[in-house]
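What follows is the residue order along each chain.
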Amino acid sequence: MTNEHPSTVRIAQVGYGYWGPNLARNFYQTPGAELAYLVDASDEAQARVRQLYSCQVTSDLPVALADPTVTAVAIATPARTHFSLAKMALEAGKHVFVEKPLAMSSVEARELIAIAYMRQLTLMVGHVFEYNPAVRYIKEAVEADELGEIYYLYSRRVNLGRVQSDVNALWSIAPHDISVALYWLDRMPEAVSCQGASCLNGVVEDVIFLTLHFPNNLLCHVHVSWLDPSKVREMTVVGSKKMIVYDDVSAEGKVRIYDKGVYRRGDPIYGEFQYRLHSGDILIPRIDMREPLALECAHFVECVHTGQRPQTDGENGLRVVRVLEAGQRSLDAGGAKMALESV
Ligand SMILES: NC(=O)c1ccc[n+]([C@@H]2O[C@H](COP(=O)([O-])OP(=O)(O)OC[C@H]3O[C@@H](n4cnc5c(N)ncnc54)[C@H](O)[C@@H]3O)[C@@H](O)[C@H]2O)c1
């Protein structure tokens, strides 16, 4: 799409491997944006780009950064390259969208936030599930106190493949679950415990069991893996009034609200409680689904246009990185509970 409007956000995207094509397609279709450059180190990726788009293609990000008409850079390269590429783009005065995780450490994440702040640039991280209408529906239900007190939640995001070898399943997959949990609960855990197993190459963990410990004994458990027989993307929130299951791969309705609960009656002094089970209706709300990635890309372009803070800004990215970092320390210590580093 060639858009000659003077405020068009001209985007240079870096990375056109597995995920990059999804991002490029959405930026290409986003009103007010133009896919100006695709940067990828691989000849094969460049050839795929040329078949679909008439944008400039290069292997060298500095070429795109030197173009003063490029206003923003979108980064869809492996996680370990995010910090250096994002820093380079921000220092060249470009707004930056970076895929999850924002960086591989909170020190790096804070540096990106500081540069973006100093230069008054948009920095946004691709926590795409926060743009998912089903996830947003649940956020509204939590905020409206429909669930009552949240006792605990758990998440499973497992499948067979895509096997990674550069980062483990914690850094590769769990950013999604962590970002959704923090978004729904609107608070940070105090500590994290994490265990995992490296079954395939003995280097990175293919399966991760991560627990976030929030104040008031609120627990969130996350199980992620690329070595599993079934494709499951499910999160369950158990509240004192209602319970919700969010099944991202369900065709019949991604959100189910269970009017179920347990009421306690009795004498708290003598500890003689009676528990009454309540099992009411199950509601499958109608939710207008739009591609979350399209909403995410449109939000980035809107933020660049208006200067508004993205929903998933640098601070949001930092919060997830802090949890990942504590999770990695716990994993390295055999699962010991680790407090989050102080801010
Ligand atoms: N939001 C999501 O649901 C989602 C899903 C998958 C991946 N991702 C994220 O997307 C990013 C990319 O993942 P992927 O699976 O597509 O990786 P990939 O390895 O398949 O592709 C990465 C591409 O980047 C290119 N590249 C690497 N370093 C480069 C550099 N310095 N300059 C130019 N090109 C370079 C490679 O040639 C390759 O084509 C990761 O951050 C990942 O976490 C997000």
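In this text, all values refer to a predicted model and were calculated from it rather than measured experimentally.

What counts, and where the lines are drawn
Each chain has its residues counted from 1, following the order in which its sequence is written. Thresholds applied to this predicted model are a pLDDT of at least 70 for local features of residues and 80 or more for the giving and counting of side-chain atom pairs; totals over whole chains, interfaces and linings are not thresholded and use all residues. Strands here mean DSSP runs of E at least two residues long; helices mean DSSP runs of H or I at least four residues long; both are numbered from the N terminus. Radius of gyration: over C-alpha atoms. The globule rule applied is 2.2 Å multiplied by the number of residues raised to the 0.38 power. To sort residues by burial, count the other C-beta atoms lying within 10 Å of each one's C-beta; a count of 20 or more means buried, 12 or fewer means exposed, and anything in between means partly exposed. C-beta atoms are built from the backbone. Contacts here follow a simple rule: the backbone-placed C-beta atoms of the two residues must lie within 7 Å. The predictor attaches a confidence to each residue, and that confidence, scored 0 to 100, is pLDDT. Joining buried Ala, Val, Leu, Ile, Met, Phe, Trp, Tyr and Cys residues through C-beta atoms within 7 Å gives a set, and that set is a nonpolar core. Nearness here is judged by the C-beta atom: place it from the backbone, and if it falls within 6 Å of a molecule or strand, the residue counts as near that partner. Polar here means any residue other than Ala, Val, Leu, Ile, Met, Phe, Trp, Tyr, Cys and Pro, which are nonpolar, and Asp, Glu, Lys and Arg, which are charged; Gly is therefore polar. A pair of strands counts as paired when DSSP detects no fewer than two bridges linking them. Here the axes come from fitting lines to C-alpha atoms, over the contacting stretch only for helices, and the angles between their N-to-C directions go from 0 to 180 degrees. The arc in question is the one spanned by the directions pointing from the helix axis to the C-beta atoms. The span you would expect from a helix comes to 1.5 Å times its residue count less one.

1. A closer look at the overall build of the chain
- Along its length, the chain carries ten helices and 15 strands.
- For 343 residues, the compact-globule estimate of 2.2 N^0.38 gives 20 Å, and the chain sits close to it at 22 Å.
- Dimensions of the chain along its principal axes, counting C-alpha atoms only, are 75 × 45 × 40 Å.
- Evaluated residue by residue, the chain yields a buried proportion of 42% over its 343 residues.
- For the chain, the share of sequence-separated contacts (at least 6 apart) that also reach a separation of at least 24 residues comes to 67%.

2. Considering the confidence of the model for the chain
- Mean pLDDT over the chain: 95, with 98% of residues reaching 70 or higher.
- Contacts of residues 1-5 to residues separated by more than four positions or lying in other chains number five contacts, the stretch itself having pLDDT below 50.

3. Description of the nonpolar core
- In terms of nonpolar packing, the biggest core is built from 94 residues, with Val96, Ala174 and Val237 touching the most fellow members.
- Discounting residues that sit within four places of it in the chain, alanine 174 has contacts with Ala169, Ile208, Leu210, Val222, Val224 and Leu324.

4. Remarks on the site of the ligand
- As a structural note, the neighbourhood of the ligand is formed by 22 residues, with Gly15, Gly17, Tyr18, Trp19 and Glu99 the closest of them.
- Among the residues forming the shell around the ligand, the class breakdown is twelve nonpolar, seven polar and three charged.

5. Here's the deal with the sheet that holds strand S5 (residues 95-99)
- Reading across the sheet, the six strands line up as S3-S2-S1-S4-S5-S6 and stay open at both edges, with parallel pairing between neighbours. Two strands lie at the open edges of the sheet, namely strand S3 (56-58) and strand S6 (123-126), each paired on one side alone. Recorded for the sheet is a direction-independent mean angle of 20° between the axes of neighbouring strands.
- Bridge analysis of strand S1 (residues 9-14) against strand S4 (residues 72-75) gives four bridges, and the strand direction is parallel. The residue bridging valine 14 from the neighbouring strand is isoleucine 75, located in S4.

6. What to know about the environment of glycine 334
- With respect to the helices and strands, glycine 334 occurs in the loop between helix H10 (314-332) and strand S15 (338-339).
- Taking the number of C-beta atoms within 10 Å as the measure of exposure, glycine 334 has 8 and is therefore exposed.

7. Notes on unusual backbone geometry
- Residue lysine 100 is joined to proline 101 through a cis peptide bond whose omega torsion reads -10°.
- Residue placement: proline 101 occurs in the loop between S5 and helix H5 (106-118).
- With omega at -15°, the peptide bond leading from glycine 161 into arginine 162 counts as cis.
- In this structure, aspartate 145 is a non-glycine residue whose phi angle is positive, near 60°.
- For aspartate 145, the position within the fold is in the loop between helix H6 (133-143) and strand S7 (150-160).
- Accessibility expressed as a C-beta count within 10 Å gives 12 for aspartate 145, which makes it exposed.
- Here aspartate 186, not a glycine, exhibits a phi torsion of approximately 55°, which is positive.

8. What about the sheet that holds strand S13 (residues 255-267)?
- Strand order in the open sheet formed by nine strands is S14-S13-S12-S11-S7-S10-S9-S8-S15, with mixed pairing between adjacent strands. Each edge of the sheet is formed by a strand with only one pairing partner; in this case those strands are strand S14 (272-283) and S15.
- In this structure, strand S11 (residues 227-239) lies alongside strand S12 (residues 243-247), joined through five bridges in antiparallel fashion. For glutamate 234, the partnering residue across the bridge sits in S12 and is aspartate 247.
- Across the sheet, helix H8 (residues 174-185) lies against S7, strand S9 (207-213), strand S10 (219-225) and S11, angled at about 160° from S10, the strand it touches most.

9. A word on H6
- What H6 keeps buried is the set Ala134, Val135 and Ile138. The buried residues of H6 occupy an angular sector of 100° when projected down its axis, which confines them to one face. Exposed side of H6, more than 90 degrees from the buried face: Glu140 and Glu143 are the residues found there.
- Contacts from the buried residues of H6 go to H8, S11, S12 and S13.

10. What about helix H9 (residues 292-306)?
- Look at H9: 21 Å from first C-alpha to last across 15 residues, which is about the 21 Å you get at 1.5 Å a residue.
- Inspection of H9 places Glu296, Cys297, Phe300, Val301, Cys303 and Val304 among the buried residues, and these make up the whole buried set. The buried residues of H9 all sit within an arc of 160° when viewed along its axis, so they share a single face.
- Residues of H9 that are buried make contact with S1, helix H1 (20-29), strand S2 (33-39), S4, S5 and S6.
- Phi turns positive, to about 80°, at glycine 307, one or two residues after H9.

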